[in-house]
Amino acid sequence: MDKLTAQQLQIARMVAEGATNREVAAQLFLSPRTVDHHLRNVFTRLGIRSRVELVRLLS
C-alpha cells in the first residue's frame, strides 16, 4: 500500500468498505469525477482491475 498517496489510500479504503464514488465524493468534499480519477490510479498502481480485487487486497 505504500505505492498510494494518502488520499488514494483513503479513497481505496472507503470503496473497499462498500462506498460508491458519489458517497466517497460527498464525504471528502470532492467531485465524483475526481474520485473516479483517483480510483483509476489506485487500480493502476496496485495492478488490479476491479473493486472486488481491491476488497481482497485491503481485507
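Above this text sits the structure in question.
Residues numbered from 1 in each chain as written. Predicted model: local features only at pLDDT ≥ 70, side-chain atom pairs only at ≥ 80, totals over all residues. Heavy atoms only, no water.

A.B. asks: I'm lost on the packing of helix H1 (residues 6-16) against helix H2 (residues 21-28) in this one. Help?
C.D. replies: The interhelical angle for the contact between H1 and H2, taken along N-to-C directions, is 130°, at an axis separation of 10 Å. By the criterion of interaxial angle, the relationship of H1 to H2 is oblique. Seen along the crossing, H1 lies across H2 with a hand that is right-handed. Within the contact between the two elements, H1 uses Gln 10, Ile 11, Met 14 and Val 15 and H2 uses Asn 21, Val 24, Gln 27 and Leu 28. Looking at the contact of H1 with H2 residue by residue, the class counts come to 5 nonpolar, 3 polar and no charged. (Axes fitted to C-alpha atoms, helices over the stretch in contact; angles between N-to-C directions. Helix = DSSP H or I, 4+ residues; strand = E, 2+ residues; numbered from the N terminus. Parallel < 35°, antiparallel > 145°, perpendicular 65-115°, else oblique. Left-handed = near helix turned anticlockwise from the far one by under 90°. Contact = heavy atoms within 4.5 Å. Nonpolar A, V, L, I, M, F, W, Y, C, P; charged D, E, K, R; others polar.)

A.B. asks: Is there a simple way to explain H2 in this structure?
C.D. replies: Note that an α-helix has 3.6 residues per turn; residues three or four places apart therefore point the same way. All of the buried residues along H2 are Asn 21, Val 24, Ala 25 and Leu 28. Viewed end-on, H2 has its buried residues packed into an arc of 100°, placing them on one side of the element. For H2, the exposed residues lying more than 90 degrees away from the buried face are Arg 22, Ala 26 and Gln 27. Of the surrounding secondary structure, the elements contacted by the buried residues of H2 are H1, helix H3 (32-46) and helix H4 (51-58). Downstream of H2 by one or two residues, Phe 29 has phi in the positive range, about 55°. (Buried < 20%, exposed > 50% of the residue type's maximum accessible area, 1.4 Å probe, protein only. Arc of directions from axis to C-beta.)

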